[in-house]
Amino acid sequence: MFDIATSGELLAEFMAETRGQRFDATGRFHGPFPSGAPAIFASQAARMGARVAYAGRVGDDGFGDLVIARLQADGIDVAAVQRDGERPTGTAFVSYQQDGSRQFIFNLAHSAAGRQTLEDDQLERLTACRYFHVMGSSLSSPAAIGIVKRAVARVRARGGKISFDPNVRPELVGRPGVSEALLDLLARCDIFLPSDADLDWLSEPGEDIEQTAMRLMASHAMSLLVLKRAASGCVAYRGGERFEVAGLTVTEVDPTGAGDCFGGALIASLAAGRELSEALCLANAAGAHAVTVLGPMEGCSDLATLEQRLVAAGVDE
Ligand code: ATP
Ligand code: MG
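Under an unreviewed UniProt entry, the name given to the protein is Sugar kinase, and the source organism is Billgrantia endophytica. According to UniProt, the comment filed for the protein under the heading Sequence similarities (unreviewed entry) is "Belongs to the carbohydrate kinase PfkB family."

### Observations concerning the nonpolar core
Membership of the largest hydrophobic core comes to 53 residues, with the highest contact counts inside it found for Ile4, Leu71, Val226, Leu266 and Leu280. The residues contacting Leu280, other than those within four sequence positions of it, are Val226, Cys234, Ala236, Phe243, Val245 and Leu266. Counting 39 residues, the second largest nonpolar core, distinct from the first, contains Cys129, Ala151, Phe192 and Val235.

### A short note on unusual backbone geometry
Omega for the bond connecting Gly31 with Pro32 falls within 30 degrees of zero, at 0 degrees, which places this linkage in the cis form. Checked against the element boundaries, Pro32 lands in strand S3 (residues 29-35). The residue Asn167 is not glycine, and still its phi comes out positive at about 45 degrees. Structurally, Asn167 can be placed in the loop between strand S9 (161-165) and helix H5 (170-173).

### Brief notes about the side chain of Ser43
Inspection of the secondary structure puts Ser43 in helix H1 (residues 37-47). Polar contacts involving the side chain of Ser43 include one to the side chain of Asp74, which spans 2.7 Å. Once residues lying within four places of it in the same chain are set aside, the contact partners of Ser43 are Asp74, Ile76, Met297 and Cys300.

### Re the site of ligand 1
Neighbouring residues of ligand 1: 19 residues in total, closest Lys228, Ala230, Gly233, Glu252 and Asn284. One of the backbone N or O atoms of Ala258 is found 3.4 Å from an oxygen atom in ligand 1. Between Asn284 and ligand 1, the recorded distance is 2.4 Å, taken from a side-chain N or O atom to an oxygen atom. Coverage of ligand 1 by the protein chains reaches 87% of its 620 Å² of free accessible surface. One can see that ligand 1 is located within the largest pocket. For the shell around ligand 1, the secondary-structure elements that each account for two or more residues are helix H9 (258-271) and helix H10 (276-291). Class assignment of the residues belonging to the shell around ligand 1 gives a composition of 8 nonpolar, 7 polar and 4 charged.

### Quick look at empty space enclosed by the protein
Following the criterion strictly, the structure yields 1 cavity of 30 Å³ or more and no others. As a volume, the largest cavity reaches approximately 30 Å³. At the level of elements, H5 and helix H6 (178-188) are the ones that each hand at least two residues to the lining of the largest cavity. For the lining of the largest cavity, the class distribution of residues is 5 nonpolar, 3 polar and 1 charged.

### Regarding the packing of aromatic side chains
The final tally for this structure, using the stated rule, is 6 aromatic pairs. Arranged with centres 5.6 Å apart and planes meeting at 65 degrees, the rings of Phe14 and Phe63 form a pair that is edge-to-face. Here Phe63 lies in helix H2 (residues 62-73) and Phe14 lies in strand S2 (residues 11-16), a separation of 49 residues in the sequence. Taking the relative accessible area as the measure of exposure, Phe63 reaches 30% and is therefore partly exposed. Centroid distance Phe104 to Phe106: 5.0 Å. Interplanar angle 15 degrees. Geometry classified as stacked. Take Phe104: its relative accessible area is 33%, and that puts it in the partly exposed class.

### Some words on the sheet that holds strand S7 (residues 102-107)
Read across the open sheet, the 4 strands follow the order S3-S2-S6-S7; overall the sheet is mixed. In the strand order of this sheet, the two ends are held by S3 and S7, each with one partner. Strand-to-strand, the axes of this sheet are offset by a mean angle of 20 degrees, without reference to chain direction. Across 5 bridges, the pairing between S2 and strand S6 (residues 90-96) is parallel.

Criteria and cut-off values
Counting starts from 1 at the beginning of each chain's written sequence and moves along it residue by residue. As a convention, the first chain written is A and the first ligand written is 1, with the rest following in written order. Reporting of local features is limited, given that this is a predicted model, to residues whose pLDDT is at least 70; pairs of side-chain atoms are given and counted only at 80 or more, and all residues count toward the totals for whole chains, interfaces and linings. In computing side-chain values, all of the structure's heavy atoms are included and hydrogens and water are not. UniProt positions are given in the numbering used here, feature names are shortened, and annotations may be inferred rather than shown by experiment. Definition of nonpolar core: a set of buried residues of the types Ala, Val, Leu, Ile, Met, Phe, Trp, Tyr and Cys, connected through side-chain atoms within 4.5 Å. A simple rule labels every residue: compare its accessible area, found with a 1.4 Å probe on the protein chains alone, to the largest value its type can have, and call it buried under 20%, exposed over 50%, or partly exposed in between. Throughout, a contact is declared for two residues whenever any of their heavy atoms are within 4.5 Å. To qualify as a helix, a DSSP run of H or I must reach at least 4 residues; to qualify as a strand, a run of E must reach at least 2; elements of each kind are numbered from the N terminus. Under the rule applied, a polar contact is a pair of N or O atoms within 3.5 Å (in protein, one hydrogen donor and one hydrogen acceptor; residues adjacent in sequence only if both atoms are side-chain atoms). Residues are labelled near a given molecule or strand when at least one of their non-hydrogen atoms is within 4 Å of it. Each accessible area is a Shrake-Rupley result for a 1.4 Å probe, and residues are judged covered by the shown protein chains and nothing else. Residues are called lining when one of their atoms sits within 4 Å of a cavity or pocket point, these points coming from a 1 Å grid over the protein atoms alone, where a cavity is a set in which a 1.4 Å probe fits but cannot get out and a pocket is an open set with protein on both sides within 12 Å along at least five of seven lines. Molecule-in-pocket calls rest on the fraction of atoms, with more than half required to lie within 2 Å of the cavity or pocket grid points. In this classification, Asp, Glu, Lys and Arg are treated as charged, Ala, Val, Leu, Ile, Met, Phe, Trp, Tyr, Cys and Pro as nonpolar, and every other residue, Gly included, as polar. Grid points are joined across faces, edges and corners, and a volume is the space filled by probe spheres set on the points. Pairing of aromatic rings covers Phe, Tyr and Trp, the last counted by its six-membered ring, and requires centre-to-centre distances within 6.5 Å; plane angles under 30 degrees mean stacked, over 60 mean edge-to-face, and any other angle means tilted. One bridge is not enough; two strands pair if DSSP finds at least two bridges between them. Simply put, an axis is a line fit to the C-alpha atoms, just over the touching stretch for a helix, and the angle between two N-to-C directions goes from 0 to 180 degrees.

Encoded structure:
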């Protein structure tokens, strides 16, 4: 039995060395770094001691070796990570612009990641979990949506909980079936982990963020909604309760992966039986720590690192 399982894109990421670097000119890149939003989530949860299982697909190449080696080094079960003999491991190139925004070139749909399947034995292994986490970025094609839906239905039937980070990507929501799949997961999740931008996407005219959150709580079966607010920390809603946790003060080096680490730390903490208030403090610290380190998965942290950060910030969990 796993504490947490997840499924989705695995890739090798390359980061432009210079801020403002363009993709239409020759330049230098750091990398490859192991990456993929669900993988960052899984790594964070595993480093905090959770028993984590992963399903995905990489190529039969060095990038695939890199990604699998990292998952294994974190103690993640990779029995449902497939190797594709024909397509290479997915890749992403990222460049930070002068205004702090990010530009990406993804090669996922035509990579190994785009041909992931979930065999019956892999489904059974993966769904023996207490929490199954879905990243909206993984709902990128009809086949990928089908995998997530099968896993979610099986986990629910076996009594597990679904956590869902919508991670709404503007370039994905226009694709056939993607926004429907996001809304479908919203209706099926127990724990919902949006950012401000995700709630904007779900808002109705005239609503502020708080009103949107309250409406979603009232109209869906979820028991917990945690709103991620970048440097401002987070706000959680559970039943009639509201918990607000201020962000830790850190120097931001690379914001990629903060939300994924936040989610991984939160679900790992809840799976370990921690109180919500304590889980939120640890998640906040995990997100803050993530932005101080260059590289998508490089900023994942263990419990001791998070406790040090909280002590240094004077936070009493
Ligand atoms: P991502 O860009 O990875 O998808 P997200 O938009 O889902 O992230 P954010 O709100 O940006 O989520 O970050 C998640 C959490 O990380 C925040 O709720 C906060 O706890 C922490 N965090 C992010 N940025 C900062 C920062 N600059 N300073 C302190 N904490 C931060
Ligand atoms: Mg963000």
